Each structure stands twice: as structure tokens, then as C-alpha cells.
Amino acid sequence: QQQVKQSPQSLIVQKGGISIINCAYENTAFDYFPWYQQFPGKGPALLIAIRPDVSEKKEGRFTISFNKSAKQFSLHIMDSQPGDSATYFCAVSDHGNNRLAFGKGNQVVVIP
Amino acid sequence: DGGITQSPKYLFRKEGQNVTLSCEQNLNHDAMYWYRQDPGQGLRLIYYSQIVNDFQKGDIAEGYSVSREKKESFPLTVTSAQKNPTAFYLCASNQGRQDEQFFGPGTRLTVL
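Residues numbered from 1 in each chain as written. Chains lettered and ligands numbered in written order. Predicted model: local features only at pLDDT ≥ 70, side-chain atom pairs only at ≥ 80, totals over all residues. Heavy atoms only, no water.

Asks: Please clarify how the side chain of Thr77 of chain B should be interpreted in this entry.
Replies: Residues and elements named next belong to chain B. Considering the arrangement of structural elements, one finds Thr77 in strand E8 (residues 76–78). Within polar-contact distance, the side chain of Thr77 engages the side chain of Thr20 at 3.0 Å. What Thr77 contacts, discounting residues up to four positions off in sequence, is Asn18, Val19, Thr20, Gly63, Tyr64 and Ser65. (Helix = DSSP H or I, 4+ residues; strand = E, 2+ residues; numbered from the N terminus. Polar contact = N/O pair within 3.5 Å; in protein donor to acceptor, adjacent residues only side chain to side chain. Contact = heavy atoms within 4.5 Å.)

Asks: Before we go on, may I ask you to explain the pattern of salt bridges in this structure?
Replies: When the charged atoms of two side chains lie near each other, side chains of opposite charge can form a pair. Residues and elements named next belong to chain A. Taken as a whole and assessed by the stated rule, the structure comprises seven salt bridges over all chains. One salt bridge connects Arg61 with Asp84, and the closest N-O pair in it is separated by 2.8 Å. Taken together, the positions of Arg61 in the loop between strand E6 (56–59) and strand E7 (62–67) and Asp84 in the loop between strand E8 (72–77) and strand E9 (86–94) put the pair 23 residues apart, joining distant regions of the chain. Its relative accessible area of 5% is what places Asp84 among the buried residues. (Salt bridge = Lys/Arg side-chain N within 4 Å of Asp/Glu carboxyl O. Buried < 20%, exposed > 50% of the residue type's maximum accessible area, 1.4 Å probe, protein only.)

Asks: Help me understand the interface of chain A and chain B in this model?
Replies: Many authors give the size of an interface as the accessible area that is lost as the parts come together. Across the boundary between the two partners, chain A contributes 22 residues, which contact 27 residues of chain B. Taken together, the connections running from chain A to chain B amount to one salt bridge. A salt bridge links Arg99 of chain A to Asp59 of chain B, with the nearest nitrogen and oxygen atoms 2.8 Å apart. The interface formed by chain A and chain B contains four residue pairs in polar contact (both at pLDDT 80 or more). Among the elements of the structure, strand E4 (30–38) and E9 of chain A are those that each provide at least two residues to the side of chain A that touches chain B. Among the elements that take part in the side of chain A that touches chain B, E4 of chain A stands out by supplying four residues, more than any other.

Asks: Honestly, the sheet that holds strand E7 (residues 64–66) of chain B in this entry has me stumped. Any pointers?
Replies: Sheet strands line up and pair through hydrogen bonds in the backbone, either parallel or antiparallel. Residues and elements named next belong to chain B. If you trace the four strands from one edge of the open sheet to the other, you get E1-E3-E8-E7, paired in antiparallel fashion. Each end of this open sheet is capped by a strand with a single partner; those strands are strand E1 (4–7) and E7. Across the sheet, the mean angle from the axis of one strand to that of its neighbour is 20 degrees, orientation sign disregarded. (Pairing = 2+ DSSP bridges. Axes fitted to C-alpha atoms, helices over the stretch in contact; angles between N-to-C directions.)

In C-alpha cells form, the structure reads like this:
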């Protein structure tokens with residue numbers, strides 16, 4: 001059973017635009033919400049992560065928005081660049097667990 | 001340079017053969033993980049180890065085996081019992097609960 005669901009499956013954005021990808025989860029015990037970025041043929045790398053004590057976290061052009069009541073969190077990529085074209089995975093875990101459960105991924109394509 | 005190495009990058013195997021994928025880390029991390037990635041399926045956890053000489057099954061352990069005899073090494077054996085082994089295999093490590101997972105570059109296994 002998928003513990004986290006991502007949407008949309010793929011996204012095409014113009015350079016300079018905003019990319020928004022979403023994740024939804026069910027288990028309220030989850031308390032760690034990272035986003036990983038993966039380029040073709042490479043391993044994923046942590047992009048940004050949030051814990052439920054804050055509703056938003058920003059690092060450069062990347063922002064996580066967290067809605068605890070809706071059990072959703074999203075990644076916003078501001079001023080999207082062609083170099084941001086990648087697959088983005090959200091993940092969840094709870095404090096008692098060293099495992100991450102990953103979503104199926106969102107493919108983002110930024111066109112010049 | 002600290003990091004995770006996986007070898008080989010590409011691996012071809014005949015049906016019915018066992019094959020072992022290598023994963024080595026020099027980050028001094030306690031925990032190590034093996035994931036399988038298929039198109040559109042995200043990352044699925046095969047096995048993980050939180051300490052030397054101990055490991056646990058993930059979500060799709062059938063047809064796979066691991067060992068953790070040294071802190072820096074976590075080899076994965078894909079056995080002939082794995083029905084559909086062709087996939088991209090990723091190894092990761094981290095220091096502890098909910099810490100960033102660092103990924104290796106992956107091994108692409110193809111069964112001929």
C-alpha cells in the first residue's frame with residue numbers, strides 16, 4: 001500500500017515559472033517530510049525537508065509548504081530553470097522508524 | 001572524498017544465475033539501505049541495516065539477500081528466485097533516525 005501519493009505525475013513548466021508538486025499521506029504518526037531530486041541515471045539527493053512544527057520552509061528557490069490538517073505537503077520551485085528538470089520524490093517517516101517511504105515521483109520538465 | 005560507491009554501474013545476468021551488487025560507504029554511517037527503482041514505481045525498500053551484523057527486510061525482500069559484516073559494506077545478492085530482477089538498484093546510508101539518506105550512483109541490472 002502506497003503510504004504517500006504524489007501529484008501530478010508529470011509537469012511541464014516554462015523557464016521562470018513556478019513548479020508545484022504535491023504529496024498526500026494518511027498516517028498522522030509521520031513527522032518527517034523530505035523531498036529528493038533525481039537526475040536521469042543518478043541516485044537521488046536530498047533537496048529540502050520539513051518537520052510538522054512549521055508550516056513552511058524555504059531554501060533558495062525551493063519551498064516546502066506543509067498542511068498538517070489536510071495531511072499534505074508540497075514543493076514549490078520558484079523561477080524554474082532548465083537545470084531543475086528532474087524527477088522529484090517526496091517521502092515520509094515517523095520518529096520511531098529509520099525507514100523512508102517514498103512516493104512514485106513527479107517528473108518536472110522546464111522548457112526554455 | 002566521502003561518499004557511497006556502487007559497482008558495477010551496469011550488470012548483465014543470465015536467467016537462473018545469482019548476482020551480487022556491491023555497496024561501500026566511507027561516511028562512517030551506521031545505517032545502510034537497498035532500494036529498487038522501476039519506471040513509474042518510485043523507490044521501494046528491499047533490505048536495510050541499522051548496525052553491523054543486523055538487517056531487516058523491507059517491502060520487497062523476496063528473492064534478495066544481504067549481509068552486513070563490516071560497517072562500510074552492505075552487498076546485495078539478487079538470487080534466481082527473484083522473478084523480475086531487471087531494474088535500477090540504489091544503495092543509501094545515513095547516520096541515524098530521520099537523518100538525510102545519501103545515495104550511491106546505482107547499478108542497472110539487466111537479465112538476459
